[in-house]
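Survey of secondary and tertiary structure
One-letter residues, chain by chain:
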Amino acid sequence: MKKTLYPKFILAYFIFGVFGFIIVTTFVPNMIREHLIRENAYSLYSEATLIANNYASGLYTGETSLETVKGHLDMLSMYINAEIRIINPSGRMVLDSASPVNVEDAVIIEGFDPTVTAGSYYNVGNFFDSFEEEMLNVIAPITSDYKVKGYVVIHKSMQGITNSGNSLLNISYITLVILFLLSLIILIFFTELVYIPLRKITYATEQYASGNMHYEFQIDSEDEMGYLAACLSYMASEIANTEDDRKKFVANVSHDFRSPLTSIRGYLEAMIDGTIPPENYDKYLNIVLNETERLTKLTNSLLTLNNLNTRGILLDRTDFDINRVIRNTAASFEGTCRKKTIAIELVMTGSAMYVFADMEKIQQVLYNLLDNAIKFSHHNSVIKIETSEKKNKIFVSVKDTGIGIPKDDLKLIWNRFYKSDLSRGKDKKGTGLGLSIAKEIIVSHGEHINVISTEGVGTEFIFSLPKSDMDDDED
């Protein structure tokens, strides 16, 4: 069973919630309680110190009466919501804000020990069993003549502190729930922005891995996920196109080889079984020879195209006169042009125009373009070859007034073995590789070749070549 990534994120989400709840319930209550105790103890100790220095010390010097101090303690007790006591070192209670002044009936706190705070100024407890509930107790010494005369003790109920802690703890729980919900929103965003696109990409890769290169998918996102999906889709489409080209290549090669082989076999069998009489052998042997030449041309074209596609191909670049190469190439078609009464018009810029390129391969480009122009030109027509110079580039144009190329076929003519519907009836011996070879050669030079064509009017091919430095030197 295939495991997916999403359940792991869901599990991580719930683990986050459980651990968050455990942490809040285990550590936060104690942290809140200790924080509130320290905060209240510090505040109460400040009050106790103030009472010890300003009010209680007067009791031991005779400067203040019990009633006066009792009045101050009562008001402070109401203000800080705590019980205030003044206790002698022996444990005898002098004043208590919770009780009236009673000198005759003294209250003794058994076991009173001011060091009960253990080096601090407060502790939590029932203060020597004088309270039935847990109290926060703060002790501040009353000094006079550098001697401790008594102690100001403030008691505050821990119930109030506990209630405050519970309120803060509830806030913590609410905060935890809010964080959990916010993390749920993050999980939803993760699902929409990451997981679902990732699932689409994963499924697409499974389709591509199974050979379905035509599977299409789309992710509407401009981030890295969308870029990855676009790259993957583009890669699949390129592989699909390559696969389609391969199948088309094999089909075209098979077709183009099968036709002449069938003709050759048919004529030879007819000669062997006597269907063709001996006096006609010369005629049909010439046909067989033409078919073998067609096979040779097809094989050579395939080898040429394969070599041009090989990485690291070396070009034998030299400085040569492109005008002279054009004249020689045009002269080689003299017989063909005479049969179709086609004229080749040469419009050259200057007597000589030097380029820096591989002369043999450029001559092949010219041959292929001129051969195509003658094939698809009407009788009694003119083919124009023109050279021009612009910005250190030499441009060569081969223009005919033939059948033209349909608009929908213009982008396909550079494909191997491609033949438009209009050309199939006229180009019975063509391999469909001439234009592919021409483009490969021009591209290997780092230059461009373009086509302008109107159906029924004619076609013009224009390619560029780098200008040679020889012209500049001669200037």
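Every value quoted in this text rests on a predicted model; they were computed, and no experiment measured them.

1. Quick look at the overall build of the protein chain
Regarding its fold elements, the protein chain presents 12 helices and 13 strands. A separation of at least 24 residues holds for 66% of the contacts in the protein chain among residues at least 6 apart in sequence. As displayed, the protein chain has an accessible area near 28200 Å², and 56% of this comes from carbon and sulfur atoms.

2. Topic: unusual backbone geometry
As a rule of thumb, non-glycine residues mostly have phi less than zero, and peptide bonds are mostly trans rather than cis. Even without being a glycine, Lys 391 presents a positive backbone phi close to 55°. Assignment of secondary structure puts Lys 391 in the loop between β10 (382-390) and β11 (393-400). Judged by its relative accessible area of 75%, Lys 391 falls in the exposed class.

3. Focus: the packing of aromatic side chains
Scanning the model with the defined rule gives 13 aromatic pairs in all. Seen in terms of ring centroids, Phe 127 and Phe 128 are 5.1 Å apart; in terms of plane orientation they differ by 70°. Their pairing is edge-to-face. Relative accessible area serves as the criterion here: at 4%, Phe 127 is assigned to the buried category.

4. A closer look at the pairing of strand β5 (residues 135-144)
Counting buried positions along β5 yields eight of 10 residues, so the element is predominantly enclosed. As paired elements, strand β4 (residues 122-125) and β5 share four bridges and run antiparallel to each other. Within the sheet, the bridge partner assigned to Asn 123 lies in β5 and is Asn 137. One ladder, built from 10 bridges, connects β5 with strand β6 (residues 147-157); its direction is antiparallel. Paired with Met 135 across the two strands is Ser 157, which belongs to β6. With antiparallel pairing between neighbouring strands as the criterion, β5 and β6 make up a hairpin whose turn holds two residues, including Asp 145 at a positive phi of roughly 55°.

5. Some words on the nonpolar core
In this structure, Ile 322, Ile 362, Leu 366, Leu 369, Phe 461, Phe 463 and Leu 465 are the most contacted members of the largest nonpolar core, which totals 39 residues. At the level of elements, α7 (322-331), β9 (354-358), α9 (359-375), β10, β11, α11 (434-444), β12 (449-454) and β13 (458-466) are the ones that each hand at least two residues to this core. Sort the elements by how many residues they give to this core and α9 lands first, with seven residues. Among the nonpolar cores identified, the runner-up in size contains 31 residues, and Ala 48, Val 69, Leu 76 and Leu 176 belong to it.

6. Here we look at the sheet that holds β5
With antiparallel pairing, six strands are arranged side by side in an open sheet as β3-β2-β1-β6-β5-β4. Each edge of the open sheet carries a strand with a single partner, namely β3 (107-108) and β4. Judged from the two bridges that link them, strand β2 (residues 92-96) and β3 form a sheet pairing that is antiparallel. From the neighbouring strand, Met 93 faces β3, where its bridge partner is Val 107. Packed onto the sheet, helix α2 (residues 28-61) meets β1 (83-87), β2, β4, β5 and β6 and runs at close to 30° relative to β5. Helix α3 (residues 66-80) contacts β1, β2 and β6 of the sheet and is inclined by roughly 145° relative to β1.

7. As for α7
Here α7 has its buried residues at Ile 322, Asn 323, Val 325, Ile 326, Thr 329 and Ala 330. Taken end-on, α7 shows its buried residues confined to a sector of 160°, consistent with a single buried face. Where α7 begins, one side-chain oxygen reaches toward the backbone nitrogen of Asn 323, 3.1 Å away; that side chain belongs to Asp 321.

8. Structural notes on the side chain of Thr 387
In this fold, Thr 387 is placed in strand β10. Relative accessible area serves as the criterion here: at 1%, Thr 387 is assigned to the buried category. A distance of 3.4 Å separates the side chain of Thr 387 from the side chain of Asn 323, its partner in a polar contact.

9. Here we look at the packing of α7 against α9
Running from N to C, α7 and α9 point in directions that differ by 45°, and their axes come no closer than 10 Å. Considered as vectors, α7 and α9 are oriented oblique to each other. The way α7 lies across α9 gives a crossing that is right-handed. Across the interface between the two elements, Ile 322, Arg 324, Val 325, Ile 326, Thr 329 and Ala 330 of α7 pack against Met 359, Ile 362, Gln 363, Leu 366, Tyr 367 and Leu 370 of α9.

Calculation notes
Residues numbered from 1 in each chain as written. Predicted model: local features only at pLDDT ≥ 70, side-chain atom pairs only at ≥ 80, totals over all residues. Heavy atoms only, no water. Helix = DSSP H or I, 4+ residues; strand = E, 2+ residues; numbered from the N terminus. Contact = heavy atoms within 4.5 Å. Areas by Shrake-Rupley, 256 points an atom, 1.4 Å probe, with all protein chains shown as cover. Buried < 20%, exposed > 50% of the residue type's maximum accessible area, 1.4 Å probe, protein only. Phe/Tyr/Trp six-rings, centres within 6.5 Å; stacked < 30°, edge-to-face > 60°. Pairing = 2+ DSSP bridges. Core = buried A, V, L, I, M, F, W, Y, C linked by side-chain atoms within 4.5 Å. Axes fitted to C-alpha atoms, helices over the stretch in contact; angles between N-to-C directions. Arc of directions from axis to C-beta. Polar contact = N/O pair within 3.5 Å; in protein donor to acceptor, adjacent residues only side chain to side chain. Parallel < 35°, antiparallel > 145°, perpendicular 65-115°, else oblique. Left-handed = near helix turned anticlockwise from the far one by under 90°.

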